[in-house]
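Structural features, examined
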Amino acid sequence: MEKVPMTAGGYAQLEAELKRLLAEERPRIIQAISEARSHGDLSENAEYHAAKEQQSLNEGRIAEIEDKLSRAEVIDVSKLSGDTIKFGAKVTLVDEDTEEEKVYRIVGDVEADVKEGRISISSPIARALIGKAKGDTVEVAAPGGARSYEILNVTFA
């Protein structure tokens, strides 16, 4: 079984979503199915079929989260240190073409969100950064073409 690396924050986020799905969504969907059943003929009951579909999606998401939590390898970023980039590092980069500064934290696939500055350990940019240090330049093969970044800072705070 392959371990799923994630930060403690990502693990807590998944746990919270699982609790919500189990405690709120599941009972709400069961109630909707029960109510739709009371309307009679199930073969032509759109409410019933919609509720059953919602139930299927909800149960699928619950199974997916339970699987990820069971395989989670929680990495405490606060205990990490060093000069080279690895999982959990907060990296400040400057795009050598546009001079635009970007700050990313390298996290697990489950908790990645580029808008929030969290990139997946398996993303092309993270793979290019792993093992590099402050002052290094990296070439990243991005979907829009190759990009060149200079690493300005690496922290684990």
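That block above? That's the structure.
What this report covers is the structure whose coordinates are included nearby.

Rules used in this analysis
Residues numbered from 1 in each chain as written. Predicted model: local features only at pLDDT ≥ 70, side-chain atom pairs only at ≥ 80, totals over all residues. Heavy atoms only, no water. 1 Å grid on protein atoms, 1.4 Å probe; cavity = no way out; pocket = protein on both sides within 12 Å on 5 of 7 lines; lining within 4 Å. Points joined across faces, edges and corners; volume = space filled by probe spheres on them. Helix = DSSP H or I, 4+ residues; strand = E, 2+ residues; numbered from the N terminus. Nonpolar A, V, L, I, M, F, W, Y, C, P; charged D, E, K, R; others polar. Pairing = 2+ DSSP bridges. Axes fitted to C-alpha atoms, helices over the stretch in contact; angles between N-to-C directions. Core = buried A, V, L, I, M, F, W, Y, C linked by side-chain atoms within 4.5 Å. Buried < 20%, exposed > 50% of the residue type's maximum accessible area, 1.4 Å probe, protein only. Contact = heavy atoms within 4.5 Å. Parallel < 35°, antiparallel > 145°, perpendicular 65-115°, else oblique. Left-handed = near helix turned anticlockwise from the far one by under 90°. Salt bridge = Lys/Arg side-chain N within 4 Å of Asp/Glu carboxyl O. Lys, Arg positive; Asp, Glu negative; His and termini not counted. Expected span 1.5 Å × (residues − 1).

**Examining the layout of surface pockets**
- Its boundaries defined by the atoms lining it, the largest pocket holds a volume of some 250 Å³.
- Lining the largest pocket we find 16 residues, and of these Y104, V114, I119, S123 and I125 sit closest to its centre.
- At the level of elements, β4 (101-107), β5 (118-120), α3 (124-129), β6 (137-142) and β7 (145-155) are the ones that each hand at least two residues to the lining of the largest pocket.
- Classifying every residue of the lining of the largest pocket by side-chain character gives 10 nonpolar, two polar and four charged.

**Focus on the sheet that holds β6**
- The sheet built from five strands is open, its strands ordered β5-β4-β3-β7-β6 with mixed pairing. Of all strands in the sheet, those with a lone pairing partner are β5 and β6, marking the two edges. Taking the axes of each pair of neighbouring strands and ignoring which way they run, one obtains an average angle of 45° across the sheet.

**Here's the deal with the nonpolar core**
- Counting residues in hydrophobic clusters, the biggest one holds 17 residues, and the most contacted among them are I85, V91, L93, I125, L129 and I151.
- Those elements that provide at least two residues to this core are β3 (90-95), β4, α3, β6 and β7.
- With four residues, the single largest contributor to this core is α3.
- Once residues within four sequence positions are removed from consideration, V91 is found in contact with I85, K102, V103, Y104, I106, L129, I151 and N153.
- Core analysis: the second largest hydrophobic core is formed by nine residues, V4, M6, I62 and A72 among them.

**A short note on the packing of helix α1 (residues 8-37) against helix α2 (residues 46-70)**
- Where α1 contacts α2, the axes come no closer than 9 Å and their chain directions differ by 160°. By the criterion of interaxial angle, the relationship of α1 to α2 is roughly antiparallel. In this structure, α1 crosses over α2, and the sense of that crossing is left-handed.

**Some points on the pattern of salt bridges**
- If you walk through the whole model with that rule in mind, you get eight salt bridges.
- The closest approach of N and O atoms between E59 and R26, which form a salt bridge, is 2.7 Å. Of the two residues, E59 sits in helix α2 while R26 sits in helix α1, which places them 33 residues apart along the sequence.
- For R26, a relative accessible area of 30% puts it in the partly exposed group.

**With respect to the side chain of E111**
- Inspection of the secondary structure assignment puts E111 in the loop between β4 and β5.
- Buried charged residue E111 carries no salt bridge. Nearest counter-charge: R118, at 5.5 Å.
- Ignoring sequence-local partners within four residues, the contact set of E111 consists of M6, T7, G9, G10 and R118.

**A short note on α2**
- Taking 1.5 Å per residue, 25 residues should reach 36 Å; α2 reaches 36 Å between its end C-alpha atoms and fits that length.
- Of the surrounding secondary structure, the elements contacted by the buried residues of α2 are α1 and β2 (72-75).

**Topic: the pairing of β3**
- By the criterion of burial, β3 is predominantly enclosed, with five of the six residues buried.
- When β3 meets β4, the two strands line up antiparallel, connected through five bridges. In the strand pairing of β4, K90 is matched with R105.
- Counting the residues in the hairpin turn of β3 and β4 gives five residues, including E99, whose phi is positive at 60°.
- As paired elements, β3 and β7 share six bridges and run antiparallel to each other. Each bridged residue has a counterpart across the sheet, and for V91 the counterpart in β7 is V154.

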